[in-house]
Amino acid sequence: MSADSVKVAVRVRPFNQREKNANSKCVISMSGNATTITNPDNGKTHTFAFDYSYWSHDCFKEENGVFVSTDTKYADQNIVFNSLGKGVLDNAWQGYNAALFAYGQTGSGKSYSMIGYGPNRGIVPITCDELFKVIDQNTDKNKQLQVSYSMLEIYNEQVRDLLTKPSHGQRGGLKIRQHPQSGFFVEGLKSVPVRCYKEIERLMDDGTVNRTTASTNMNATSSRSHMVITIKFKQVFLNEFGESTTKSSEISLVDLAGSERADSTGATGDRLKEGSAINQSLSTLGNVISALADKAMGKKKVLVPYRDSVLTKLLQGALGGNSRTIMIAALSPAGINYEETLSTLRYADRAKKIQNKAKINESPTDRLIRELKEENAKLQAMLSKSGGLGSRDGAVSEYIERFFKDKDYSENDLEMLLKENERKMSEINTAWEQRLEEARKEWEKIHPVSVSESDNLTKQYPFLQNVNEDLQLCGVIKYPLPEGQTVIGRAGNTPQGNKIQLKGLGIQGSHVLVCNTGTSVTLEPIDVAKTIVNGLHVVQQIELRHLDRIKLGSNSIFLYIGFPHERKNKDDINKYDYEFFQSELAEAEGFGNEQFFQKEDKDAGPDPAALRIYDDFIKILPMTAEVNAISEELGKKLVFEPYIKNLASHDALGRDKAKEVEVRIVDKENNHVWVWSKPKFINRKFIIEELYQNYVENEIDISEIDEEHDPFWDPLEPVFLGSAHIWLQSLAYLMGVDDQIEIHNYKGEEEGIVQCSLKPCDNKKNLLGDDAMVLDPTDLLNTRLDFMMCLSHCLGVKWVKNENTRGTFCKFEFYNCEEEFETKTVWTTRNPDYAFRKQFTIQPVDMEFLTYLQTHALVVQLWGTQGGTVSNRKLSTVSLTENMLRDRSGSWMAHDNQGLELLLSKEKEISALKKKLRQQEDDGLILKDAYDSARKEVFSLKQKLEILRTAKGAKSALKNKSSAVNGSNGHVTVNVMNGHVTPTPQSIDRPASAASIDAEIARALKVFFKDIKGVQQELKELRTDSEKISDDPADMLKRSLLQQHQTVCNIEDDLSACVSSLKTNVTTAIRNMKKQSAMI
């Protein structure tokens, strides 16, 4: 490999706590420099080769907080530094620019490798420490070594200086400029001179605090931002000619945002796809790496899109430019992250093809100053030219063309360059010791309270410490709770002032009151401020306990640390990380581990699909909380709620256990409903965050945003309400189905009842009678089968009950038909009449279709419509009493008080009768359930008898040593495997005794289904009448009540008789079969 090729390393982390709780399976393996990933679903593997492969998944133990190797296989922080960090330092001493950036999905261990946690220091701090160790050993008085440190963050295409307090930062972020020689740079970025590693450590901690504060204030978690640390290292010495020479190096250490944000947020079909700038930098970085890889492979005319994002502008030198670059790809070992991890490996595989052109940055100091002065003279000449920029001489034009090609320029750009050159000259001319002293004074001015004083407060009193998605930012901010009252709320929003000021989403002016009595600490929400403690909403004062988890608003999360005597040395504070908080919140919402990881076989491993859906839900839960807070603050009146979509609702086999996470959105103002897929919601969330940031920083008027550009808005679409499974097995016996079937939603809740019938008929649509029933489905082979599908109506649809301007329709698919069949849309009624009829013809019937009938269901889907007109509605705007006060012409009539009192008493009587009617309706439903159970029992018995009959025939055939022949001579091939008998599409020879038993069973079933039809009709009439009775006057209610009472009694008697007769007949048939089996 060329010395200027990008070196690539991969590193796999241990399981996190959530993955351990779910018994996750490791899908990564390493051998030498080869890394292999295994698909947890099918076992397929992919292998990649890199410069370094670091195994940090297991084979270690913890000693005093430090991870120590127990096997040579394990790669600790020192091994990673020795392989990568030392190379960065060596390049810096030689005068090369060096870059190291970490890539991978959120939570994969990027920050651990770059920064580290606690005593397990990462590459950045070890590199800085080792640099100063060598500097301290310098004894050459003619050689001066200078180090300066800067730290920035890129979020939503804006640059924030992390060494400047968030409140002091430039609104809209710092500007990116381009210099003709040195390339892109950040205008106004603070670069602090440092004299030792301790000062770098202090600056790094300060930057981390500012990053944490800014992320909370702007609702921007670190997983969506890039952090860039730049260490400028200069060696000033006398060369062999006695000239003062400067050898300079820039070390760029980059912690990139979570990679899944670039690949998993695309929402297919979303009208606002890729509308957010939050993903722009990482997406562009992928395009840059791909283009550079193509260029390295010899592809001609490749355009590298450096200018398309802030990040790639700043990394232009590191990727394909003047730098020696190393990339470390962080990998998750869990199967639930397989797709993301595979994407990371492919990304790293492309990056290793990139070729850089590094050179030593060395030149005489005097020449540097002279070149800067000459450049400034040209710039001043341009600015002073009469006629502005439009008039310039040839030399100036040549300079402009060199710098500004493919870019518009302005007078402001020239002034900026002039100031930048003056700043560089000032740095060169200013004594290094003077710059160090100025930096020390500025630090003391900004930080009047020493770190030790702040630490003393947290040692003396209870305190709150922040919890962040990035472990590197956890515990960075600590709020002491001294004795007395402490108000926590939004900064500057209360007259008395808040002792602890927060700017996170959902934080009220005065949010909570914390009271420390000296022996206990209580927390009390103020008004309706959203406060959660240990996963539960709190509405009144509670006493806090050590290690309680507190969430204020939508994204301000804290861990309560109690009094000093409550703290134990063995307190596992690290256990209560961001993942723990989210799992606890999910469990409080009813989505605990047990719901996702239930297994029929206790010895079986975890279901990868269940692990993925749980992981998706845990990630989406805090996102919806944040969007709800933004919606409330912007006055959108929308509520976002995640839920689990069960794909079994759409599966004709009823076996699909797959699930998906979706988000349901409800407009509280007009009850409109939308359903977004997870990718679409995440995409919209980024755009909503960008809108909110513009609202906060630029004070834009939200009401002026049109619908097409509003991320909260979408055109109304039909909403899936639920489905009913109508099993087709009876059609294989030419037996019809005519039933009222419950429609259930994804949660298993009833949404309504559909009246559906499937009845065999002839080619002229005449329904077949019971005598047409066949005993063996194979008798239908090579014949024509016609049946009529009817969807007459639905009853009690909740969708319309909740909002009477809505409508509904049903649709379904059948067998191999390419089209979906759909009813008409019926508006404004809970009991829509669809009157749908469709004749299906199968000619000829083959074994595939018979198998379909015996294994599949017809899935009737109920869909809700909204936003329709109400011109055809029959709505009453007056009460029952008012209707009775109208004459036939519709005009109002005058009545005396006595008549009015009589009518009011009638209304009360009608109300009582309605109550009794509902009780009768409930009794009818109980009878319906009994009928359903009996019907299922009939089919179960029929299946068991069919298996016994077929098995007995097979046993007899084996006993007589009869052999199977081809279907051409009328015999059947019987395959007996694992106790199951599978007939082929030929007829089956059965003994005479079996035929007689079949005949008895057939007669019993015919009698039962003939008798039960009357019961079905009575149930149907009872249900229909009960839904219509609410509009009848008082006298009609009385008559209907008596009729229904008699109908219920008749149904009960008839149903009992039918079931009793069926059981008797089936029992007799089974007894006869057992006797005959014993005689064989």
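Residues numbered from 1 in each chain as written. Predicted model: local features only at pLDDT ≥ 70, side-chain atom pairs only at ≥ 80, totals over all residues. Heavy atoms only, no water.

Novice: How should I be thinking about the packing of helix α7 (residues 280-296) against helix α9 (residues 338-351) in this particular structure?
Specialist: Angle between the axes and distance between the axes: these two values describe a pair of packed helices. Close contact between α7 and α9 brings their axes to 8 Å; oriented N to C, the two are set at 45 degrees. When the axes of α7 and α9 are compared, the pair comes out oblique. For the pair α7 and α9, contact is made by Leu282, Leu285, Gly286, Ile289, Ser290 and Ala293 and by Tyr347, Arg350 and Ala351, respectively. Partitioned by chemical class, the residues of the contact of α7 with α9 number 6 nonpolar, 2 polar and 1 charged. (Axes fitted to C-alpha atoms, helices over the stretch in contact; angles between N-to-C directions. Helix = DSSP H or I, 4+ residues; strand = E, 2+ residues; numbered from the N terminus. Parallel < 35°, antiparallel > 145°, perpendicular 65-115°, else oblique. Contact = heavy atoms within 4.5 Å. Nonpolar A, V, L, I, M, F, W, Y, C, P; charged D, E, K, R; others polar.)

Novice: Please clarify how the packing of aromatic side chains should be interpreted in this entry.
Specialist: Given two aromatic rings, their pairing is described by the distance between the two centres and the angle made by the two planes. For the structure on display, the rule yields 30 aromatic pairs. Residues tyrosine 112 and tyrosine 117 carry aromatic rings whose centres are separated by 5.4 Å and whose planes lie at 50 degrees to one another, so their mutual orientation is tilted. The exposure class of tyrosine 117 is partly exposed, given its relative accessible area of 24%. Ring geometry for phenylalanine 640 versus phenylalanine 681: centroids 6.1 Å apart, planes at 50 degrees, classification tilted. With phenylalanine 640 in strand β31 (residues 638-646) and phenylalanine 681 in helix α18 (residues 678-698), this residue pair connects regions lying 41 residues apart in the sequence. Across this residue pair, the class does not change: phenylalanine 640 and phenylalanine 681 are buried. One aromatic cluster is present, formed by Phe787, Phe812, Phe814, Tyr815, Phe821, Phe836, Phe840, Phe849 and Tyr852 through successive ring pairs. In this structure, lysine 73 is placed above the aromatic ring of tryptophan 55, and the distance from its NZ or CZ to the ring centre is 4.1 Å. (Phe/Tyr/Trp six-rings, centres within 6.5 Å; stacked < 30°, edge-to-face > 60°. Buried < 20%, exposed > 50% of the residue type's maximum accessible area, 1.4 Å probe, protein only. Lys NZ or Arg CZ within 6 Å of the ring centre and 35° of its normal.)

Novice: In this structure, what is going on with the pairing of strand β35 (residues 737-744)? I would like to understand it.
Specialist: Sheet faces and side chains relate simply in a regular strand, where the side chains alternate between the two faces. In terms of strand pairing, β35 meets strand β36 (residues 750-761) through 8 bridges, oriented antiparallel. Note on β36: the bridge partner recorded for valine 737 is leucine 758. Between β35 and β36, which follow one another and run antiparallel, lie 5 residues, and glycine 748 among them has a positive phi close to 85 degrees. (Pairing = 2+ DSSP bridges.)

Novice: Can you walk me through the side chain of threonine 127 in this structure?
Specialist: Topologically, threonine 127 is positioned in helix α4 (residues 123-136). Residues contacting threonine 127, with those up to four places away along its chain left out, are Phe81, Gly85 and Leu89.

Novice: Would you mind showing me how to read the sheet that holds β31 here?
Specialist: Hydrogen bonds between backbone atoms are what pair the strands of a sheet, whose relative direction is either parallel or antiparallel. If you trace the 3 strands from one edge of the open sheet to the other, you get β31-β32-β33, paired in antiparallel fashion. In this open sheet, the two strands that pair with only one neighbour each are β31 and β33 (673-677). Neighbour-to-neighbour, the strand axes of the sheet open up by a mean angle of 30 degrees, direction not taken into account. Two elements, β31 and strand β32 (residues 659-667), share 9 bridges in a ladder whose sense is antiparallel. Bridge pairing in β32 links phenylalanine 640 to isoleucine 665. Packed on one face of the sheet, helix α17 (residues 608-633) meets β31 and β32 and runs near 165 degrees to β31. Across the face of the sheet, α18 comes into contact with β31, β32 and β33 while running at roughly 100 degrees to β33.

Novice: How should I be thinking about the pairing of strand β2 (residues 28-31) in this particular structure?
Specialist: Burial of β2 is one-sided: the residues Ile28 and Met30 facing one way are buried, the residues Ser29 and Ser31 facing the other way are not. Here β2 runs beside strand β3 (residues 34-38); their pairing, made up of 4 bridges, is antiparallel. From the neighbouring strand, methionine 30 faces β3, where its bridge partner is threonine 35. Connecting the antiparallel pair β2 and β3 is a turn made up of 2 residues, with glycine 32 showing a positive phi of about 65 degrees.

Novice: I tried to follow the sheet that holds strand β24 (residues 512-516) on my own but got confused; where do I start?
Specialist: Pairing in this open sheet of 5 strands is mixed, and the strands run β23-β22-β24-β25-β28 from one edge to the other. For this open sheet the edge positions go to β23 (500-502) and β28 (542-543), each flanked by a neighbour on one side alone.

Novice: Sorry, what's going on with the environment of methionine 30 here?
Specialist: Assignment of secondary structure puts methionine 30 in strand β2. Spatially, the C-alpha atom of methionine 30 lies 9.5 Å from that of lysine 73, the residues being 43 residues apart in sequence. Beyond its immediate sequence surroundings of up to four residues, methionine 30 is in contact with Val10, Val12, Thr35, Ser53, Tyr54, Trp55 and Leu331.

Novice: Looking at this structure, how should I read the pattern of salt bridges?
Specialist: Pairs can form between side chains of opposite charge once their charged atoms are near each other. For the structure shown, the criterion picks out 28 salt bridges. The salt bridge partner of arginine 195 is glutamate 199, with a shortest N-O separation of 3.6 Å. When salt bridges that share partners are traced, they join Glu153, Arg160 and Arg211 into one network. (Salt bridge = Lys/Arg side-chain N within 4 Å of Asp/Glu carboxyl O.)

Novice: What's the story with the side chain of threonine 36 in this structure? I'm lost.
Specialist: With respect to the helices and strands, the residue threonine 36 is situated in strand β3. Within the local environment of threonine 36, its side chain forms a polar contact with the side chain of threonine 47, the two groups lying 3.0 Å apart. In contact with threonine 36, other than residues within four places in its own chain, are Val27, Ile28, Ser29, Thr45, His46 and Thr47. (Polar contact = N/O pair within 3.5 Å; in protein donor to acceptor, adjacent residues only side chain to side chain.)

Novice: Would you mind showing me how to read α17 here?
Specialist: Side chains that are three or four residues apart share a direction in an α-helix, a result of its 3.6 residues per turn. Compared with an ideal rise of 1.5 Å per residue, which puts 26 residues at 38 Å, α17 spans 39 Å between its outermost C-alpha atoms and is within 8% of the ideal. Glycine 635 sits one or two residues past α17 and shows a positive phi near 70 degrees. (Expected span 1.5 Å × (residues − 1).)

Novice: Please clarify how the packing of helix α15 (residues 578-588) against α17 should be interpreted in this entry.
Specialist: Closest axis-to-axis distance for the α15/α17 pair is 9 Å, and the angle between their directions is 95 degrees. The orientation of α15 relative to α17 falls into the category roughly perpendicular. Two secondary-structure elements touch here, α15 through Tyr578, Glu579, Gln582, Ser583, Leu585 and Ala586 and α17 through Tyr614, Phe617, Ile618, Leu621 and Pro622. Residue composition of the contact of α15 with α17, by class: 8 nonpolar, 2 polar and 1 charged.

Novice: Before we go on, may I ask you to explain unusual backbone geometry in this structure?
Specialist: Most peptide bonds take the trans configuration, and most residues that are not glycine carry a negative phi. For the bond from glutamine 843 to proline 844, the omega torsion is -5 degrees, close enough to zero to count as cis. Among the secondary structure elements, proline 844 is positioned in the loop between β41 (833-842) and α20 (847-855). Despite not being glycine, asparagine 156 shows a phi value in the positive range, around 55 degrees. Position of asparagine 156 among the secondary structure elements: in the loop between β11 (144-155) and β12 (158-161). Positive phi, close to 70 degrees, is recorded for leucine 547, a residue that is not glycine. Relative to the elements of secondary structure, leucine 547 occurs in the loop between β28 and β29 (549-552).

That is the geometry; function is a separate question.
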